[in-house]
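Topology and contacts: notes
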Amino acid sequence: MHKLSTKKAFIAYFAFGWLLLIVADRVDELRVYQGATIAVTTLAIASIILLTGYSGQVSLGQGAFLAVGAYAAALSQTYWQSPFWFTLLIAILVSAAFGFILAFAAGRMSGPYLAGTTLALAVGLPTLANQFSFLGGETGLVYDAGLPPERFGEEFTLYKWFFWIAAFVVLIAMFLLRNLLNSRFGRTWKALRANSTAASLCGVNVAQSKITAFTISAGVAGLAGALLGMVSIVAPSAFPLSLSFTIITGAILAGVTSLLGSMLGAVILVVIPEIADVIAHQLGDSEKITTNLPGFIVSVLLILTVLFSPNGPAEAMRKRKEQHAKH
Amino acid sequence: MRQLIGTLLIGLTLGSIYSLMALALVLVWRSTRVVNFAQAGQAIVTTYIAYEIVTRTGVFWLAVLFAVVAGALLGAGVEYFLMRTLFRHVDEGPVAALAPVIATLGLLGVIKSLVGMIWGNDFRSFYPPVSTDNFVLFGETIPFSRFNILVILSTTVVMIIFSFIFQRTDLGLSLRAAAFQPEIARLAGIRVGPIRTIGWVFAGVAGAIAGVLITPNDVLSPASLDVLLVFGFVAAVIGGLESLPGAVLGGVVLGIGVSFVLNYVGTTLIFPTVFVVLLLALIFKPNGLLGSKKVRSA
């Protein structure tokens, strides 16, 4: 596939960001809120793409890293009165440190062991909030990005402000991630994923590379968590096990090896509940159907994707092109 | 002293149920090299079936029978329809190694949402066949009930039947051979395909019994067995993920550990403790208490 140069990519990201701002001005409040959710989800999915699609490790508990990031950000705001941008930095650092420790302990794990361990983490971590009173229990912590600056005018709503922040941060993070994945690190991870024995014979330090990938992925997830905390709340209920599953699903749906796919995955995840609402309405609005239909659709899509296009649409297209070229 | 004995007894009860779930996971892992996260989903379906029968007829054993049969059928169905399709389609690419994990995860989601659509997401209580009230001995309450005795007895019986099948019958020999060396087993005339399905059937049965036994002490909801899944996995890893006796031992060790934390520390620290136990097991006993010397790679 033809890759854009860094400069061109920067211009593309910038133009896309500008487009988002213009669009955000023209749509209603709900759409702006959904836009913010899409931005946050995109970043969370990107952390999985880095981890699973590139370094070949699977994490079923990415929600736990989101929680760590969100709590770190909220705590630093509550107890140190840190400015908002600094809380985001704290979220990245703490979450990455947490990921590093875990990766160090779990460094020798692969496949199902890592999957199960991260799953246990996602189940267990949110319960800690009830154990320590400074974590705020079920109600959680207060975390906000402050009001939008006054010069934007009266009509500038809070959600639009959230969207601006989320979109801005996510675009920067995605741009940096893109460069990272195109760099030596990205190539090393791909080599690892394809064949770790061959990679180690070529001089790649397998354990170290895997730990690096896990750490960076945790940091990215932590940033996504802080943004999620800003848009919704910082409480155990915001980081259930289903959040981790949702993130994985988004990554697989859009093709786990393409960073840009993460945006597609996030859009699908936000659109599905809307579609499910319409279908549930057709089926007579029973409460059982309405609450369970979104999860059902997402899970069915997940299975179908794994069965028929496991590497995502992007990879399938590339394969077809290669076959085409051979003839 | 009284509290200590109570803790041990509760630990044994919990542990025997975790053992059953761990057994289910190990059986599937040995037959197809997949950690079946959908095991909790399969078990929740069979538990709801048992729930319907208990509320309608009041006969607990009939409910267990139905749950076991349903568990066996579900296990076979999942292996035959999902896993075989999966292995036929997915053979290369970056996701190939992760595909089974993700597929079982998707299946868990499908089953849970279907169960939610049929029975709703509200909590139900599952009436036990015998009392779950604690015994009173010399005027003091011991945190142990008739139902707990029933749990321990029935899991022991299940374990004995399982180990008889695995150690003393031709079927058990084929199962072990197919798990140990599929290619050689095939050359020795074992039809590895059907044997794999049978591994899933046994796993389905073990999971179904675990679900029916843990629910009367708990509540029933589409997500109520997720925790059992995590504990079962940890127990299986403690035991080595390859070994059936290891799974049982891992379950009992974990059950007693959880019971101690419950009684002496508090409910909120259970999950962190289990997680730390899992990490310690992976760091210090990476092959499990009873696992083989083989390096863990998937």
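A few points on the structure. Just so you know, these numbers come straight off a predicted model, no measurement behind them.

With that settled, the discussion passes to the overall build of chain A. Along the backbone of chain A there are 14 helices and zero strands. Sequence-ordered secondary structure for chain A, helices as α and strands as β, is α-α-α-α-α-α-α-α-α-α-α-α-α-α. For chain A, the proportion of its 327 residues judged to be buried stands at 54%. For chain A, the share of sequence-separated contacts (at least 6 apart) that also reach a separation of at least 24 residues comes to 77%.

Here we come to the overall build of chain B. Summing up its helical and strand segments, chain B has eleven helices and two strands in all. Secondary structure of chain B in N-to-C order comes out as α-α-α-α-β-β-α-α-α-α-α-α-α. Rg of the C-alpha trace for chain B: 19 Å, near the compact-globule value of 19 Å for 298 residues, within the 12% margin. The buried share among the 298 residues of chain B stands at 56%. Put simply, 72% of the contacts in chain B that link residues at least 6 apart link residues at least 24 apart. Working note: accessible area of chain B is about 12700 Å², and carbon and sulfur atoms make up 68% of it. Here chain B carries 18 positive and 12 negative side-chain charges, and the mean point of each set is 8 Å from the other.

All names here are of chain B. Under the counting rule described, the total for this entry stands at five salt bridges over all chains. Here Arg33 and Glu242 are joined by a salt bridge, their closest N and O atoms 2.7 Å apart. Within this pair, whereas Arg33 is found in the loop between helix 1 (2-32) and helix 2 (39-57), its partner Glu242 is found in the loop between helix 9 (226-239) and helix 10 (244-264), the two being separated by 209 residues in sequence. You can call Glu242 partly exposed: its relative accessible area is 22%. Among the salt bridges present, the one from Asp226 reaches Lys112, with a minimum N-O distance of 2.6 Å. Note that Asp226 is positioned in helix 9 and Lys112 in helix 4 (residues 99-119), a separation of 114 residues in sequence. Just as Asp226 is buried, Lys112 falls in that class too.

Listed by partner, the interface residues are 50 residues for chain B and 49 residues for chain A. Across the chain B-chain A interface, the total number found is zero salt bridges. Taken together, the elements giving at least two residues each to the side of chain B that touches chain A come down to helix 3 (60-89), helix 4, helix 9 and helix 11 (270-284) of chain B. Sort the elements by how many residues they give to the side of chain B that touches chain A and helix 4 of chain B lands first, with 16 residues. Tallied by class, residues from the side of chain B that touches chain A come to 35 nonpolar, twelve polar and three charged.

Below, the discussion takes up a nonpolar patch on the surface. Residue and element names in this part refer to chain A. Residues Tyr79, Trp80, Trp85, Phe86, Leu89, Leu93, Phe132 and Phe134 make up a contiguous nonpolar surface patch of roughly 920 Å² in combined accessible area. Elements represented by at least two residues in the nonpolar patch include exactly helix 3 (62-80) and helix 4 (84-106). Looking at the secondary structure, you find Leu89 in helix 4. Of the residues examined, Leu89 reaches a relative accessible area of 39% and is grouped as partly exposed.

Bringing the packing of helix 11 (residues 241-253) of chain A against helix 13 (residues 287-308) of chain A into the picture now. All names here are of chain A. Helix 13 packs onto helix 11 with a crossing angle of 40° between their chain directions and a minimal axis gap of 9 Å. One finds that helix 11 runs oblique with respect to helix 13. The handedness of the crossing between helix 11 and helix 13 comes out as left-handed. Only Val298, Leu301, Leu302, Thr305 and Val306 of helix 13 make contact with helix 11, whose side of the interface consists of Thr249, Ile252 and Leu253. Counted by class, the contact of helix 11 with helix 13 contains six nonpolar, two polar and no charged residues.

Take unusual backbone geometry next. All names here are of chain B. Non-glycine residue Arg33 carries a positive phi angle of around 60°. In this structure Arg33 comes out as partly exposed when scored by relative accessible area, which is 37%. Unlike most non-glycine residues, Leu241 shows phi in positive territory, near 60°. Structurally, Leu241 can be placed in the loop between helix 9 and helix 10. Residue Leu241 is classed as buried on the basis of its relative accessible area, which comes to 1%.

Turning our eyes to something else, we now look at the pairing of strand 1 (residues 134-137) of chain B. Looking along a regular strand, one sees the side chains alternate between the two faces of the sheet. Residues and elements named next belong to chain B. Judged from the four bridges that link them, strand 1 and strand 2 (residues 140-145) form a sheet pairing that is antiparallel. Within the sheet, the bridge partner assigned to Asn134 lies in strand 2 and is Ser145. Between the antiparallel neighbours strand 1 and strand 2 lie two residues, among them Phe138 with a positive phi of about 50°.

Among the structural elements, Ser154 of chain B can be located in helix 5 (residues 146-168). There is a polar contact of 2.5 Å between the side chain of Ser154 of chain B and the backbone oxygen of Leu150 of chain B.

All names here are of chain B. Look at helix 4: 30 Å from first C-alpha to last across 21 residues, which is about the 30 Å you get at 1.5 Å a residue. Counting buried residues in helix 4 gives 18 out of 21 residues, a clear majority hidden from the surface. One or two steps after helix 4, the chain reaches Gly120, where phi turns positive at roughly 85°.

The next point concerns the packing of helix 3 of chain A against helix 11 of chain A. Helices that pack against each other are described as a pair by the angle of their axes relative to one another and the distance between those axes. All names here are of chain A. At a minimum axis separation of 7 Å, helix 3 and helix 11 run at an interaxial angle of 115°. Judged by the inter-axis angle, helix 3 sits roughly perpendicular to helix 11. Handedness of the helix 3/helix 11 crossing: right-handed. Between helix 3 and helix 11, the contacting residues are Gln62, Gly63, Ala64 and Leu66 on the first element and Leu243, Ser244 and Ile247 on the second. Taken together, the residues of the contact of helix 3 with helix 11 sort by class into four nonpolar, three polar and no charged.

Counted according to the given criterion, the structure contains 15 aromatic pairs over all chains. Geometrically, the ring pair formed by Phe60 of chain B and Phe126 of chain B is edge-to-face, given 6.3 Å between the ring centres and 85° between the ring planes. Of the two residues, Phe60 of chain B is situated in helix 3 and Phe126 of chain B in the loop between helix 4 and strand 1; the sequence distance between them amounts to 66 residues. Taking 5.6 Å as the distance between ring centres and 15° as the angle between the ring planes, the aromatic pair formed by Phe260 of chain B and Tyr264 of chain B counts as stacked. Residue Phe260 of chain B and its partner Tyr264 of chain B are both found in helix 10; the two are separated by four residues, about one turn of the helix. On the accessibility criterion, Phe260 of chain B (29% relative accessible area) is partly exposed. By way of ring pairs, the aromatic residues Tyr48, Tyr51, Phe60, Trp61, Trp119 and Phe126 of chain B are connected into one cluster. One Lys or Arg, Arg184 of chain A, reaches over the ring of Phe185 of chain A and ends 5.4 Å from the middle of that ring.

In this section: the environment of Ser200 of chain A. Mapped onto the elements, Ser200 of chain A comes out in helix 9 (residues 196-201). For Ser200 of chain A, a relative accessible area of 36% gives the class partly exposed.

The rules behind each value
- Residues numbered from 1 in each chain as written.
- Chains lettered and ligands numbered in written order.
- Predicted model: local features only at pLDDT ≥ 70, side-chain atom pairs only at ≥ 80, totals over all residues.
- Heavy atoms only, no water.
- Helix = DSSP H or I, 4+ residues; strand = E, 2+ residues; numbered from the N terminus.
- Buried < 20%, exposed > 50% of the residue type's maximum accessible area, 1.4 Å probe, protein only.
- Contact = heavy atoms within 4.5 Å.
- Rg over C-alpha atoms; globule rule 2.2 N^0.38 Å.
- Areas by Shrake-Rupley, 256 points an atom, 1.4 Å probe, with all protein chains shown as cover.
- Lys, Arg positive; Asp, Glu negative; His and termini not counted.
- Charge placed at Lys NZ, Arg CZ, Asp CG, Glu CD.
- Salt bridge = Lys/Arg side-chain N within 4 Å of Asp/Glu carboxyl O.
- Nonpolar A, V, L, I, M, F, W, Y, C, P; charged D, E, K, R; others polar.
- Patch = residues over 30% accessible without salt bridge, like charges linked within 9 Å, V, L, I, M, F, W, Y side chains within 5 Å.
- Axes fitted to C-alpha atoms, helices over the stretch in contact; angles between N-to-C directions.
- Parallel < 35°, antiparallel > 145°, perpendicular 65-115°, else oblique.
- Left-handed = near helix turned anticlockwise from the far one by under 90°.
- Pairing = 2+ DSSP bridges.
- Polar contact = N/O pair within 3.5 Å; in protein donor to acceptor, adjacent residues only side chain to side chain.
- Expected span 1.5 Å × (residues − 1).
- Phe/Tyr/Trp six-rings, centres within 6.5 Å; stacked < 30°, edge-to-face > 60°.
- Lys NZ or Arg CZ within 6 Å of the ring centre and 35° of its normal.

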